[in-house]
Structures are given as C-alpha cells and as structure tokens.
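Here are the chains, one letter per residue:
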There are 2 protein chains.
Amino acid sequence: MKKIINEPGAIVEEMLEGMILSYPKLIKRVDDSRVVTQVAKVNQVGLVSGGGSGHEPAHAGFVGDGMLQAAVLGDVFTSPTPDQILTGIQAANNGQGVLLIVKNYTGDILNFEMAMDLAQLEDISVEMVVVDDDIAVEDSTYTAGKRGVAGTVLVHKILGDAAREGTSLTELKVLGDRLVKEIKTIGIALKAATVPEVGKPGFELSDDEIEYGVGIHGEPGYHREKIQPSRVLAEHMVTKILTDGATKPKRVGVLVNGMGGTALMEQFVFMRDCLDVLAKQGVEVAFTKVGNYMTSIDMQGVSVTLINLEDESWLESLNRSVETISW
Amino acid sequence: MKKIINEPGAIVEEMLEGMILSYPKLIKRVDDSRVVTQVAKVNQVGLVSGGGSGHEPAHAGFVGDGMLQAAVLGDVFTSPTPDQILTGIQAANNGQGVLLIVKNYTGDILNFEMAMDLAQLEDISVEMVVVDDDIAVEDSTYTAGKRGVAGTVLVHKILGDAAREGTSLTELKVLGDRLVKEIKTIGIALKAATVPEVGKPGFELSDDEIEYGVGIHGEPGYHREKIQPSRVLAEHMVTKILTDGATKPKRVGVLVNGMGGTALMEQFVFMRDCLDVLAKQGVEVAFTKVGNYMTSIDMQGVSVTLINLEDESWLESLNRSVETISW
C-alpha cells in the first residue's frame, strides 16, 4: 500500500485536523470530538449527517450555510458512535430541533437511532431521514434493504436549503421521506478501495474487469464483466434506474459522482453518455453535477444518480448557492 | 488500461461535450472549436488560459465571472494550436484587450506566442504572463526553464479578480509578472498518469517508491526513493520551497493539489503536515485550499504550492467569490 499518510490508525484524526485548519472560516470542531460544525450562526432546524470516514468530501465538506450544520465522523468505513452523534445533535440544535440524514447501513442506523433516543432524553426534538438510493442490491453486506450512497448529497442540499428557508422539523421529515423515494443511484468499480488499516484493496478485479452495483465501502455488486465503452456502461446503468420504478420520470437531475481515484476527464465523458441515453429516452434534464462528492477513498469507478424533479421547488433548492467547502 | 471512455482518440471532444452539457449556465463553446467561454457578459480585459487536456478541472473549470473568460483545450498533454488560441482571444476580447496566462512548456509558449502575433494583426491588444512555479527542475522534458504547474490556478484567481475590478491590460501584465515570481510548487508521484492513447503509465514506480519533482505530464523529477510518512514528505517539500529563494516569506497561502488519483483524505493529512512545517518555521498562513485543481489525468500524487502573500490585495483577490465550476 502506497499512500500519503502517517500511521494508518491516525488517519481520521489527522484528516480532520487538516480540514479544520484549511477552512477555518467555514467549519470548526467541537472540542475533543469527531464533530464538525458550521462557523456561521443560524436560526433554523439543525441538519446533521455523518457516517464512516473515507467518503470525503462527504460529510464535513457539506457543512455550511444552506446545507449541514454538523457532520459526525466515524473511523474509516465505520459508523460514528452514539455519543459522538449526540454531540453533533447538541451542537446543531438551536431550539428548533435537529434532523438527522443517515445513509442506510445497519451500523449507522443503529447508532443514529441510539443518539436520537439520548437526545430526546435531553428534550431535544430529533427526526431522522434514511437515504437508500442505491438500487443495485437489496440486503447486501452491512445493510438491510437498499444502501445509501451518492444521492445522499442531493438530500443534504435540498433539505439544507429548505431548513435555511425556515421549514419546520416536522415538515422537513415529511419532505425528506418523500424526497428519498425519488432518488436512485447505481455505481461501478474498476478498482476497489484500499482501507489504510487493511493495506490492500477490498476485492480484486482483473485488468479488464469491472463490477456493477458496488457500494461505497467495496461491498459486492450484482455482476462482474469485462469493461465496456463508457456509452455501454451509461446505457446499462441509466436504463436500470429508469426501469426501476413503475413510471419513468419526466424530468430529472443527474449527479455523476467519482469514487475518488477516477479522473474528472472520464467522469465528464460518462456524463455525456448518460445525458445521451436520457435524451433518447425522452427524459428532460434540468440539473447536472459532476465530480467527487461521495467517494470510497481511492476507489476507481463512478456512480450515476437520478433525482425525479417532480417538484419545482426541489430544483430551486438544488440551484441556490451555499457556503460549503465542496458543493 | 481500464478507463471509463469510448475511443481514446475521442476523449477530449467527448469530455468537452460533457462539460458544456453539464454546466450550460456557466460555460459555452465557440462553434466548431476547442474553446470554452464564459456565458455571462463582462466589460473588462479578457483572461484566456489553456494548454493540453488531462489537467481537469483546469482550465475550463475556471472559466467564469472573476477568473477566466476563455479556456482553450489541446489534445491530451498537447498544446492547443495557434488558430484555436486565436479563436479564444477573439472570443474573450471586449475591446479592452486580452491577457494570456500560459504554463511554461515549450509547445505552449510557441503556440500562444504565435496566436498573439495573429491577434495583433487583427489589432487586438494581447499580453502574456508565463507561469513557471515548479521549482523541482530546470530544463526538463518539454520545457526550457522551470515548468508551470498547480500555482497557475492561483494566477488565474488573482489576475481574474483584478481584471473584474477593472485593471487595465498593461497593469495586469505588470501584476502578473510580479505575481508569478512569488508562487512556488513542488510535486510527488506515487503512480504515473496513463494517457488514454498510450494505454500504460508514463513511467513505472515500484510498490514502495515515489518520485519527487514530477511535472503534470509525468515528466521525470529529481529524485526517486522509498515512500516516507506524509510528515516527512511535507517537511522535505515545504523546506525545499522555503529555502529556494534568498529570503523566506513571512506570510503565505498554501494550495495542496491532488493529481487526480489520490484520495482527498490523503490530501488533507498532507495539508495538515505542511501547515505543521510552516508553523515550526514561523511562517504565517493566511489562505489554504485543498483538492484536485491541476491534475495529471489519474496520476497518484500531490503537489504543494506556496504563494508569498506580501501584497494584501492578493489575499483579498484569493478570497473573493467567483462563479466557476471548480474554484
């Protein structure tokens, strides 16, 4: 394993120090914790997300005005503990309650729920929205049901904007539950991530193989085959999303997300091919974004996320500006 | 070679289509050209940059209000041709002239100078600022003198801000020439880039080796050795920059730039270690930025750039907001 790190066990602490030192106007750290909060004061429902580290810029990169008020960092690919999440809830609460945005992984759900119980004992109102956008597989490693992946970033953005506009906790919960049903993602890997403390890739692919349907922790997907041209990958993946539900969406937003080790050049070629498939299918595209937003350390691969923009206000929320490191 | 592409020879065209389709509010394309221009109308000196493709998000990702008015894309790691650069100059000119920001590579200098001559025949005032921030080597492959690398992005930002504020072409040329002397970069590679049309990495490093002083095209550096912890790399690289000139800067901005295939997690750890070295050396840090800004396709590695912020207005220019895809 060749990585620009010090001791593998220190990587989350040192990364966190690096983030805080690099962006002190945007984010700060709750003392003696793995919690990153927004520097600017706000008067709204607080949005808190988090999960294992290794998905940078998620989640701390999305802390700031118009997105998250706090992010809680676990160890690499490991849920943060309930006490850390509770610290995040306390920090984000301004008396209007806190909404948790959680990716659907068994460990995360368990710990965020426990933190929610602890917060309620302190009379903080807390609700939780669970993102399960990955349509690749049901009940995979680490997860009951579908997994939460890159679409989570769109949930941060839309709910973050709604919260800034003064939406109440109860309304945000309703909006969030409606929203997550309309977001679908599928990913591929060309090379698995190497967790620093493990020292080798999570799974092996040969020189011409890719894996369809991988998650963001190197969980297995549903199909392994020889790599195809980008347009064939796009055709397969976009069609799989469009045919996943009962009705095909009329208008979508598209997020092409790099997994950490894939060149932006490839991501733009892949986006072009995804847009081509959508045009041929008669689906209007109203929002597009390309880059590394929900990574899997240094995994090579991409995911494509479609959000059904049935609600005009969701598009407005996606387009409104924010003050974060990475949106 | 495993990449998410179609035909290797089509990659620049398809990437460009992907970029334009993804960000139509920010950038557009001059018909039948490899030139990307700003959508918003401006009344100022036009800033034009460009160079070979493969450095994404540079340069098209920095086109927009407050940075560049046009970017010209060459083939992968190949200078754009004079006629394409001339098209960029024509598109960026609003009657107040055009400033070219060019990285110091022999091919780029030759073609940008030729385009400058052609533009002057059309009575367009053009000046050129050459960025040669890479202190690693003199007179390497492709370059007479020092190479231009990640520091170029800071030149785009500061000159772009000054141009938006109404600075004249003559003043921008003076400012640019002063600025480039105060920006220094050094990079390392853990794995070389794979050019799609070549199909294999530009050079081979063994499983525990790194190369100090590489450029952004996989040119050789000055030293190869076993990888060391991030703090040792940071110590070596930052010290080399600080001792490069006659006097150590009192206050700097720091850009840690990922080469395309290196996880953001590692970049933040490395930034932390660079800041630690600077603190021990008594150098104040007033600006920090971390991410993939001037990449070398999928190269694994990082560079660190220090800008001597002797001039307060340079810091203000770095901090002012812009409307681009990638700053």
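Please read these numbers as outputs of a predicted model, since none were measured by experiment.

Caption draft 1: Just the overall build of chain A, in detail. Looking only at helices and strands, one finds eight helices and twelve strands in chain A. For chain A, whose C-alpha radius of gyration is 19 Å, the value lies close to the compact-globule estimate of 20 Å for 327 residues. Viewed in the frame of its principal axes, chain A has a C-alpha envelope of about 55 × 50 × 35 Å. Within chain A, residue pairs in contact and separated by at least 24 positions form 73% of the contacts whose partners lie at least 6 positions apart. As displayed, chain A offers around 11400 Å² of accessible surface, 48% of which is attributable to carbon and sulfur atoms. Positive and negative charge centroids in chain A, built from 29 and 46 side chains respectively, lie 6 Å apart.

Caption draft 2: Region of the structure containing the relation of the copies chain B and chain A. Superposition record for chain B on chain A: RMSD 0.0 Å, screw rotation 180 degrees, translation along axis 0.0 Å. Both chain copies can therefore be described as sitting about a two-fold axis. In terms of C-alpha distance to the rotation axis, chain B has G261 of chain B as its closest residue, with the C-alpha 2.1 Å off the axis. Comparing interface residues between copies, 100% of those in chain B also lie at the interface in chain A; the contact surface is shared.

Caption draft 3: Local environment of the layout of surface pockets. Taken as a whole, the second largest pocket encloses approximately 1200 Å³ of empty space. Lining the second largest pocket are 41 residues, with K191, D207 and Q300 of chain A together with K191 and Q300 of chain B positioned closest to its centre. For the lining of the second largest pocket, the per-class residue count stands at 13 nonpolar, twelve polar and 16 charged.

Caption draft 4: Structural context of the domain arrangement of chain A. All names here are of chain A. Domain parsing of chain A yields domain 1 (8–180) and domain 2 (183–319). Summarising the inter-unit geometry, the C-alpha centres of domain 1 and domain 2 are found 22 Å apart. Domain 1 puts 37 residues into the contact, and the matching count from domain 2 is 37 residues. Note on domain 1 versus domain 2: buried area summed over both sides is about 3200 Å², and carbon and sulfur give 68% of it. Among the residues of domain 1 in contact with domain 2, F77, I135 and L154 are the three that bury the most area, contributing 21% of the side total. With a closest N to O distance of 3.0 Å, R178 and D311 form a salt bridge. Our enumeration of links across domain 1 and domain 2 arrives at 13 residue pairs in polar contact (both at pLDDT 80 or more). Among the secondary structure elements, those contributing two or more residues to the side of domain 1 that touches domain 2 are α4 (151–164) and α5 (169–180). Considering every element that reaches the side of domain 1 that touches domain 2, the biggest residue donor is α4, with eight residues. For the side of domain 1 that touches domain 2, a count of residues per class yields 21 nonpolar, eight polar and eight charged.

Caption draft 5: Spotlight on the packing of aromatic side chains. Here the structure, examined in full by the defined rule, presents eight aromatic pairs over all chains. Summarising the aromatic geometry, the rings of Y23 of chain A and F268 of chain B are spaced 6.5 Å apart at their centres and angled 75 degrees between planes, so their arrangement reads as edge-to-face. In this pair, Y23 of chain A is assigned in the loop between α1 (11–22) and β1 (27–29) and F268 of chain B in helix α7 (residues 264–280), connecting two distinct chains. Among the residues examined, Y23 of chain A registers a relative accessible area of 11% and is labelled buried. Residue F268 of chain B is classed as buried on the basis of its relative accessible area of 1%. Geometrically, the ring pair formed by Y212 of chain A and Y222 of chain A is stacked, given 6.0 Å between the ring centres and 25 degrees between the ring planes.

Caption draft 6: Representation of the pattern of salt bridges within the structure. Counted under the stated rule, the structure contains 48 salt bridges over all chains. In this structure, the salt-bridge partner of E165 of chain A is R320 of chain A, at a minimum N-O distance of 3.8 Å. Here E165 of chain A, found in the loop between α4 and α5, pairs with R320 of chain A, found in the segment after α8 (312–319); they are 155 residues apart in sequence, far enough to count as distant. Taking the relative accessible area as the measure of exposure, R320 of chain A reaches 32% and is therefore partly exposed. One connected set of salt bridges, linked through shared partners, spans E7, E14 and E17 of chain A together with R231, R272 and D273 of chain B.

Caption draft 7: Structural context of the interface of chain B and chain A. Listed as interface residues are 58 residues of chain B and, on the opposing side, 58 residues of chain A. Summed over both sides, the interface between chain B and chain A buries roughly 4700 Å², with carbon and sulfur atoms accounting for 60% of that surface. Interface area lost by chain B to chain A is led by K2, I4 and M265 of chain B, which between them contribute 21%. For the pair chain B and chain A, the interface holds ten salt bridges. We note a salt bridge from R272 of chain A to E17 of chain B, for which the minimum N-O separation is 2.6 Å.

Caption draft 8: Structural view of α1 of chain A. Look at α1 of chain A: 16 Å from first C-alpha to last across twelve residues, which is about the 16 Å you get at 1.5 Å a residue. For α1 of chain A, every residue scored as buried is listed here: I11, V12, E14, M15, L16, G18, M19, I20 and S22 of chain A.

Caption draft 9: Here's a closer look at the sheet that holds strand β9 (residues 223–226) of chain B. Residues and elements named next belong to chain B. In spatial order, the strands read β9-β8-β7-β12-β10-β11; together these six strands make up an open sheet with mixed pairing. Two strands lie at the open edges of the sheet, namely β9 and β11 (284–291), each paired on one side alone. Pairs of neighbouring strands in the sheet enclose a mean axial angle of 20 degrees, with direction left out of account. Pairing between strand β8 (residues 209–212) and β9: four bridges, direction antiparallel. The residue bridging E211 from the neighbouring strand is R224, located in β9.

Caption draft 10: Geometry of helix α3 (residues 106–121) of chain B. Residues and elements named next belong to chain B. Compared with the 22 Å implied by 1.5 Å per residue over 16 residues, the 23 Å span of α3 between its first and last C-alpha is a close match. Buried within α3 are the following residues: D108, I109, N111, F112, A115, M116 and A119. Residues of α3 that are buried sit in contact with β3 (46–53), α2 (82–92), β5 (98–103) and β6 (126–131). Positive phi appears at D123, one or two residues downstream of α3, with a value of about 65 degrees.

Caption draft 11: Seen up close, the UniProt feature "domain: DhaK" (unreviewed entry) in chain A. As recorded in UniProt, the feature "domain: DhaK" (unreviewed entry) lies at residues 7–327 of chain A. Secondary structure over residues 7–327 of chain A splits into 32% helix and 24% strand, and the C-alpha atoms at its two ends are 30 Å apart.

Caption draft 12: Region of interest: the sheet that holds strand β1 (residues 27–29) of chain B. Residue and element names in this part refer to chain B. Judged by pairing direction, the sheet is mixed, and its six strands sit side by side in the order β1-β2-β4-β3-β5-β6 without closing on themselves. Strands at the two margins of the open sheet, each flanked by one partner only, are β1 and β6. The average undirected angle you get between the axes of adjacent strands in this sheet is 25 degrees. Two strands pair when backbone bridges link them, and β3 and β5 are joined in this way by four bridges, in the parallel orientation. Paired with G46 across the bridge in β5 is V98. Strands in contact with helix α1 (residues 11–22) are β1, β2 (35–38), β3 and β4 (70–76); relative to β1, the strand with the most contacts, it is inclined by about 135 degrees. The strands touched by helix α5 (residues 169–180) are β3, β5 and β6; relative to β6, the strand with the most contacts, the crossing angle is about 10 degrees.

Criteria and thresholds
- Residues numbered from 1 in each chain as written.
- Chains lettered and ligands numbered in written order.
- Predicted model: local features only at pLDDT ≥ 70, side-chain atom pairs only at ≥ 80, totals over all residues.
- Heavy atoms only, no water.
- Helix = DSSP H or I, 4+ residues; strand = E, 2+ residues; numbered from the N terminus.
- Rg over C-alpha atoms; globule rule 2.2 N^0.38 Å.
- Contact = heavy atoms within 4.5 Å.
- Areas by Shrake-Rupley, 256 points an atom, 1.4 Å probe, with all protein chains shown as cover.
- Lys, Arg positive; Asp, Glu negative; His and termini not counted.
- Charge placed at Lys NZ, Arg CZ, Asp CG, Glu CD.
- Least-squares fit on C-alpha atoms with pLDDT ≥ 70 in both.
- 1 Å grid on protein atoms, 1.4 Å probe; cavity = no way out; pocket = protein on both sides within 12 Å on 5 of 7 lines; lining within 4 Å.
- Points joined across faces, edges and corners; volume = space filled by probe spheres on them.
- Nonpolar A, V, L, I, M, F, W, Y, C, P; charged D, E, K, R; others polar.
- Domains from an automatic or database assignment.
- Buried area = accessible area lost by both parts, 1.4 Å probe.
- Salt bridge = Lys/Arg side-chain N within 4 Å of Asp/Glu carboxyl O.
- Polar contact = N/O pair within 3.5 Å; in protein donor to acceptor, adjacent residues only side chain to side chain.
- Phe/Tyr/Trp six-rings, centres within 6.5 Å; stacked < 30°, edge-to-face > 60°.
- Buried < 20%, exposed > 50% of the residue type's maximum accessible area, 1.4 Å probe, protein only.
- Expected span 1.5 Å × (residues − 1).
- Pairing = 2+ DSSP bridges.
- Axes fitted to C-alpha atoms, helices over the stretch in contact; angles between N-to-C directions.
- UniProt positions renumbered as here; feature names shortened; annotations may be inferred.

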